Every structure is written in structure tokens, then in C-alpha cells.
Amino acid sequence: MMKKLLVILLAALLTMPVLALAEGELTVIGTATVTLTPDMAELTVGVETRADTVNGAVTGNSEALNAVIEALKAAGVAENDMSTRNYYVGAEYDYSVSPAALSGYSVNNNLTIIVRDIDMIGAVIDAATAAGANQVYGVTFRSSQMADGHDRALTLAVQEGMRKAQLMAEASGRELGQLEGVQENGMQSYGVTVAYDTAARTSGTSIMPEELSVTASVTLTFELR
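Residues numbered from 1 in each chain as written. Predicted model: local features only at pLDDT ≥ 70, side-chain atom pairs only at ≥ 80, totals over all residues. Heavy atoms only, no water.

1. Quick word on the nonpolar core
- Counting residues in hydrophobic clusters, the biggest one holds 40 residues, and the most contacted among them are L43, V45, L72, I113 and I121.
- Only β1 (25–36), β2 (40–51), α2 (54–74), β4 (101–115), α3 (121–131), β6 (139–142), α4 (146–171) and β9 (212–224) provide two or more residues apiece to this core.
- With seven residues, the single largest contributor to this core is β9.
- Sequence-distant contacts of L43, that is, excluding residues within four places in its chain, are made with L111, T112, I113, V115, I125, V136, Y137, G138 and V139. (Core = buried A, V, L, I, M, F, W, Y, C linked by side-chain atoms within 4.5 Å. Buried < 20%, exposed > 50% of the residue type's maximum accessible area, 1.4 Å probe, protein only. Helix = DSSP H or I, 4+ residues; strand = E, 2+ residues; numbered from the N terminus. Contact = heavy atoms within 4.5 Å.)

2. Describing α4
- Along its 26 residues, α4 runs 37 Å from first to last C-alpha, staying within 8% of the 38 Å computed at 1.5 Å per residue.
- Among all positions in α4, only G149, A153, A157, G161, A165 and A169 are buried.
- Positive backbone phi, approximately 75 degrees, marks G173, located one or two places after α4. (Expected span 1.5 Å × (residues − 1).)

3. Topic: the confidence of the model for the chain
- Averaged over all residues, the pLDDT of the chain is 84; the fraction at 70 or higher stands at 81%.
- Under a pLDDT of 50 for its full length, residues 1–22 has, in the predicted model, two contacts with residues more than four places off or in other chains.
- In this model, residues 197–202 is a region of pLDDT below 50 whose contacts with residues beyond four sequence positions or in other chains number six contacts. (pLDDT = per-residue confidence, 0-100.)

4. Here we look at the environment of L43
- In this fold, L43 is placed in strand β2.
- Linking L43 and G138, residues 95 residues apart in sequence, is a C-alpha distance of 6.1 Å.

5. Topic: the pattern of salt bridges
- Scanning all chains against the criterion turns up 10 salt bridges.
- With a closest N to O distance of 2.9 Å, E160 and R163 form a salt bridge. One end of the pair is E160 and the other is R163, both in helix α4 and three residues apart, which spans about a single turn.
- For R163, a relative accessible area of 46% corresponds to the partly exposed category.
- Residues participating in the shared-partner salt-bridge network are E48, R50 and E92. (Salt bridge = Lys/Arg side-chain N within 4 Å of Asp/Glu carboxyl O.)

Now the structure itself:
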């Protein structure tokens with residue numbers, strides 16, 4: 001009985017690779033990139049103030065930042081498109097003496113701004129710095145059509161994967177069967193960030209946007225006859 005069982009198991013093991021080969025599969029990866037023209041931007045401006053007392057630093061910062069906010073509104077930035085990025089209050093010390101002596105306090109308050117008219121980026125930066133913003137971080141370009149770009153890139157990636165699968169099946173002398181599985185590998189968006197140096201500004205700011213790109217990748221599995 002034991003010998004008969006071993007013979008049956010051995011026969012099953014020997015036939016498994018043949019069945020797998022007969023039911024062969026082909027797996028391909030399709031990728032596609034879609035370019036978009038940016039129509040909006042995100043940037044961060046900030047006000048840093050120093051004073052001998054905490055109250056003096058906080059009050060001075062609040063007054064300066066309120067002036068920046070009003071200037072941004074006047075430049076066309078909606079209040080809903082401004083949000084606090086971080087707020088920091090810290091003590092400063094003089095380390096030239098020992099032990100280090102308290103020399104005052106600093107407050108740093110940053111605003112993240114969305115500029116929905118891309119032609120107004122330079123004017124918005126100039127308005128903020130003229131009103132008292134002494135910190136401006138990189139400008140990152142965005143597109144309001146990003147979701148549509150993702151959809152188009154994903155569609156093209158699937159089409160590219162199907163094209164590659166058909167080509168590979170024909171080149172190997174096989175016939176491409178039905179699609180058995182599809183998996184999204186991820187989506188990557190590439191924006192452009194431009195640095196800005198407030199100390200180097202001597203005239204009106206001019207910033208030229210570049211194209212954005214959205215890349216999709218998918219894995220397709222086909223039956224291969």
C-alpha cells in the first residue's frame with residue numbers, strides 16, 4: 001500500500017511542471033508619462049523677529065505677520081489659500097561668555113500660500129517681502145489638472161503593457177490569452193521647485209514655470225498559450 005502511494009505521489013510531482021508550462025503566463029510592466037502645464041504654485045513666506053523679552057518678540061512678530069497677510073490679500077491671495085506652516089518661539093543665548101548668557105528671544109512664523117494665478121507669483125513674493133516677510137522658501141509649481149493627468153498616465157500605462165505583451169507573445173511564437181491580473185505599481189508626480197533668495201533681490205521677482213510630469217506604472221499578467 002505504501003509503495004503504491006509513493007508511486008502516485010511521484011507521478012503527480014512529475015506532471016506538475018508540464019501542467020504549469022501548458023498554462024504559461026506572461027507578466028509585463030507598462031509605464032507612461034504625461035506632461036502638464038502648471039497653472040498654480042505653492043510657496044512659504046515667513047517672518048522672524050527678535051527682542052529682549054518673549055512678549056516683545058511675540059508682539060513684534062504678530063504685527064509684522066499681520067502686515068504680510070494684508071499685503072498678500074491686496075495682491076489677490078484668498079484668505080483660505082493661506083495657512084500657518086509652523087510657529088516657533090525660542091530663547092537665544094550668547095555663547096561667547098561662560099556660562100552662556102540669555103540674550104533674547106526669537107519668534108518664527110511661516111505661512112504656506114497657494115497662488116492660483118501663476119502669472120502673479122512674482123508679484124505675490126514682492127508684496128510679502130515689501131510688507132516685512134524676511135523668509136521665502138522655494139516655489140513649487142502645481143497643476144489643477146493633476147488628477148486628470150494621473151488618470152491619463154494610468155490609462156496609457158495599461159495600453160503600453162498590453163502592447164508589450166502582444167509583441168513578446170508574437171516574438172516567442174506563442175498566442176496571448178486573456179488578461180488574468182492587473183496591478184498598479186505606483187504613481188509619481190514630478191514638480192519643479194525654484195529657490196528664492198530675499199537678500200539677492202534687487203528688482204521685481206520673475207519666475208518662469210516649467211512643465212510637470214506624472215508617471216504611472218502597472219503590472220499586467222496574461223495567459224500565454
